[in-house]
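Structure at a glance
Single-letter residue listing:
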Amino acid sequence: MLACALALALAGCAGSEALEGGSDPPSGGKGSGLAAPVVLPATGPQILEAVRSPGARAVLVNVWATWCLPCREEFPDLVRLRREYAGRGLRLILVSGDFESELAEVQRFLEEEGVDFPSYIKTGKDMEFIEALHPEWSGALPATFIYDRKGTLRHFWQEKATYARFEKKVVELLEESPPRRGRGHGSKEGS
Amino acid sequence: MRRVKRFAVMAVSAMLVSLVIPAGALAGGERHRLEFGSRPPMTDVKMKNVDGDSISISDVSGGRGTLVIFSCNACPWVKAWENRIAELGNTYSERGVGVIVINANDPDQVAEDRYEVMQERAQEKEFRFPYVVDSTSRVAAAFGATRTPEIFLFDGELRLVYHGAIDDNAKEPDKVESHYLREALEALLAGKPIEVRQTKALGCSIKFRNQA
């Protein structure tokens, strides 16, 4: 049920924007005073369900935490990236690794950063969450995972990144041609 | 029950692997990683302890095992586990395991990780084992450590036998279901195989100095 809710939540935001070539999301902006951002609890497999929800040409998953300095430093770039590329098919999935008891702090930070679309907070055991997202992920934050339109993981790193690095990897995927019908199954996409 | 859950995790992971491409093909995914059975690197590097002395991993290696913990002062996960780090370190150092806690974080990036705070923390938490500064972050890099806290446990012959997390619940000690490190230490001291050698937990990334 939760997986469905996650998929619907995404379909109602980044996904639909991607499908419709939508414009920038309504911007609350920093300190806009709008309602607290929606933050849904999610396990690793549920995040992957959200990744595979159709409609995106590229999906960037970023696992962050409010107390994680490098996470906070790169966060505005992620929000900017979504603003610039959601209309071309980028889906941004933000997952807080904060303890669930810190939800209010998570929402406060998201609001300050102008996040007005649903995002997630990790629930369940760390190890299951980490292994679900990538067996080579040590659990260090921040961590970024970039998937292509088929939901295949194409890039992964566990360190802070620059806007240029995010943009380069995402644009590469946005510009990839979709696989031809009837010939695409099992074919290897260029990297 | 725990075995069933573990199997379930492995099965889910195996299914999900089909969605990923090999790690080697992914940029920036992983630093060098110490393999099981490996010896600890840079064991003779002297590091400044909170008592002012300089000591190395070799200096503290125990005849029955050696526990190396990459940690720091500022990370909330470290703070959540800190009482357990103190208790485990004090308990097992008295039982013949060499224990050393290493802070590789660059205090220029996180001021709370400076030496003076390490001294305060070691005193406050009653560490009866060294808490030292990896002043270049190179020791952490050589271990392939990426986060705090991160555990490396070596046997009496200095072979890596356990790597990963302290237990499965940082936030709520009374709700821990799997005491990974304690179980590994008990198995090591009993001369038995360690059932779970590799575990993971979310943690703070190590704030490496630029030259590391």
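Everything below is about the structure printed above this text.
Residues numbered from 1 in each chain as written. Chains lettered and ligands numbered in written order. Predicted model: local features only at pLDDT ≥ 70, side-chain atom pairs only at ≥ 80, totals over all residues. Heavy atoms only, no water.

Below, the discussion takes up the overall build of chain A. For chain A, the count of helices and strands is six helices and seven strands. In chain A, the succession of helices and strands from N to C terminus is α-β-α-β-α-β-α-β-α-β-β-β-α. Within chain A, buried positions represent 54% of all 191 residues. Relative to all contacts within chain A whose residues are 6 or more apart in sequence, the contacts with residues 24 or more apart total 74%. Total accessible area on chain A stands at roughly 8000 Å², and carbon and sulfur atoms take up 52% of it. (Helix = DSSP H or I, 4+ residues; strand = E, 2+ residues; numbered from the N terminus. Buried < 20%, exposed > 50% of the residue type's maximum accessible area, 1.4 Å probe, protein only. Contact = heavy atoms within 4.5 Å. Areas by Shrake-Rupley, 256 points an atom, 1.4 Å probe, with all protein chains shown as cover.)

A complete count under the given rule lists 15 aromatic pairs over all chains for this structure. Measuring from centroid to centroid gives 5.2 Å for Trp64(A) and Phe109(A), while their planes differ by 35°, and the two rings are tilted. Of this pair, Trp64(A) sits in strand 2 (residues 58-64) while Phe109(A) sits in helix 4 (residues 103-112), placing them 45 residues apart in sequence. Seen in terms of ring centroids, Phe70(B) and Phe143(B) are 5.1 Å apart; in terms of plane orientation they differ by 65°. Their pairing is edge-to-face. With Phe70(B) in strand 3 (residues 65-71) and Phe143(B) in helix 5 (residues 138-143), this pair connects stretches of sequence that are 73 residues apart. With respect to class, Phe70(B) is no different from Phe143(B); both count as buried. Site record: aromatic cluster; members linked through ring pairs are Phe129(A), Trp137(A), Phe145(A) and Phe156(A). The ring of Tyr115(B) carries Lys48(B) above its face, with NZ or CZ at 4.3 Å from the centroid. In this structure, Arg197(B) packs its charged tip against the face of Phe36(B), placed 4.1 Å from the ring centre. (Phe/Tyr/Trp six-rings, centres within 6.5 Å; stacked < 30°, edge-to-face > 60°. Lys NZ or Arg CZ within 6 Å of the ring centre and 35° of its normal.)

Tallied over the full model, the rule gives 25 salt bridges over all chains. Here Arg52(A) ties to Glu49(A) by a salt bridge, and the two come within 2.6 Å at their closest N and O atoms. On the criterion of helical spacing, the pair formed by Arg52(A) and Glu49(A) is a turn pair, its members being three residues apart in helix 2 (residues 44-52). The exposure class of Glu49(A) is partly exposed, given its relative accessible area of 36%. One salt bridge connects Arg88(A) with Glu175(A), and the closest N-O pair in it is separated by 3.7 Å. Residue Arg88(A) is located in the loop between helix 3 (69-85) and strand 3 (90-96), and its partner Glu175(A) is located in the segment after helix 6 (163-174); the two are separated by 87 residues in the primary sequence. Under the relative-accessibility criterion, Arg88(A) is labelled partly exposed at 39%. Residue class for Glu175(A) comes out exposed when judged on its relative accessible area of 55%. When salt bridges with common partners are traced through the structure, they connect Lys79(B), Glu82(B), Glu112(B) and Arg121(B) into a single cluster. (Salt bridge = Lys/Arg side-chain N within 4 Å of Asp/Glu carboxyl O.)

Note on strand geometry: in a regular strand, side chains alternate between the two faces of the sheet. Residue and element names in this part refer to chain A. Residues Ser-119 and Ile-121 line one face of strand 4 (residues 119-122) and the alternating positions Tyr-120 and Lys-122 line the opposite face, and both faces are buried. With four bridges joining them, strand 1 (residues 39-42) and strand 4 adopt parallel strand pairing. Residue pairing in the sheet places Ala-42 in a bridge with Lys-122 of strand 4. Taken together, the two bridges between strand 3 and strand 4 define a ladder with parallel strand orientation. Opposite Val-95, over in strand 4, you have Tyr-120 as the bridge partner. You can see the chain leave strand 3, run along helix 4 and come back into strand 4, and the turn it takes is right-handed. (Pairing = 2+ DSSP bridges. Right-handed = clockwise from strand over helix to strand, strands pointing away.)

We now examine the sheet that holds strand 9 (residues 203-205) of chain B. Spatially, three strands are ordered 5(A)-9(B)-6(B) in an open sheet, and the strand pairing comes out mixed. The sheet is open, and its two borders are formed by strand 5 (140-141) of chain A together with strand 6 (147-148) of chain B, each paired with just one other strand. Sheet topology note: the strand 5 of chain A/strand 9 of chain B ladder contains two bridges and is parallel. Among the inter-strand pairings, Ala140(A) is bridged to a residue of strand 9 of chain B, identified as Gly203(B).

Once that is clear, we can look at the pairing of strand 3 of chain B. Residue and element names in this part refer to chain B. With seven of seven residues buried, strand 3 is to be regarded as a mostly interior element. Side chains Gly-65, Leu-67, Ile-69 and Ser-71 of strand 3 all project onto a buried face; the interleaved residues Thr-66, Val-68 and Phe-70 project onto the opposite face, where all are buried too. One ladder, built from seven bridges, connects strand 3 with strand 4 (residues 97-103); its direction is parallel. From the neighbouring strand, Phe-70 faces strand 4, where its bridge partner is Ile-102. Each parallel crossover has a hand, and the one from strand 3 via helix 3 (residues 76-93) to strand 4 is right-handed. Examined bridge by bridge, strand 3 and strand 7 (residues 150-154) share five bridges and lie antiparallel to one another.

Contact with chain B, which involves 36 residues of that partner, is made by 37 residues of chain A. Counting the surface lost from both chain B and chain A, the interface buries some 3200 Å², and carbon and sulfur atoms represent 62% of this. Our enumeration of links across chain B and chain A arrives at five salt bridges. A salt bridge links Lys125(A) to Glu177(B); the shortest N-O distance between them is 3.9 Å. For the pair chain B and chain A, the interface holds twelve residue pairs in polar contact (both at pLDDT 80 or more). Residue classes in the side of chain B that touches chain A are distributed as 18 nonpolar, nine polar and nine charged. (Buried area = accessible area lost by both parts, 1.4 Å probe. Polar contact = N/O pair within 3.5 Å; in protein donor to acceptor, adjacent residues only side chain to side chain. Nonpolar A, V, L, I, M, F, W, Y, C, P; charged D, E, K, R; others polar.)

So, on to the sheet that holds strand 1 of chain A. Residues and elements named next belong to chain A. With respect to topology, six strands assemble into an open sheet ordered 1-4-3-2-6-7, the strand pairing being mixed. Where the open sheet ends on each side, the last strands, each with one partner, are strand 1 and strand 7 (153-157). Between one strand axis and the next, the sheet turns by 25° as a mean value, whatever way the strands run. Pairing geometry for strand 6 (residues 143-148) and strand 7, over four bridges, is antiparallel. Residue Ile-146 lies in a different strand from strand 7, and its bridge partner there is His-155. (Axes fitted to C-alpha atoms, helices over the stretch in contact; angles between N-to-C directions.)

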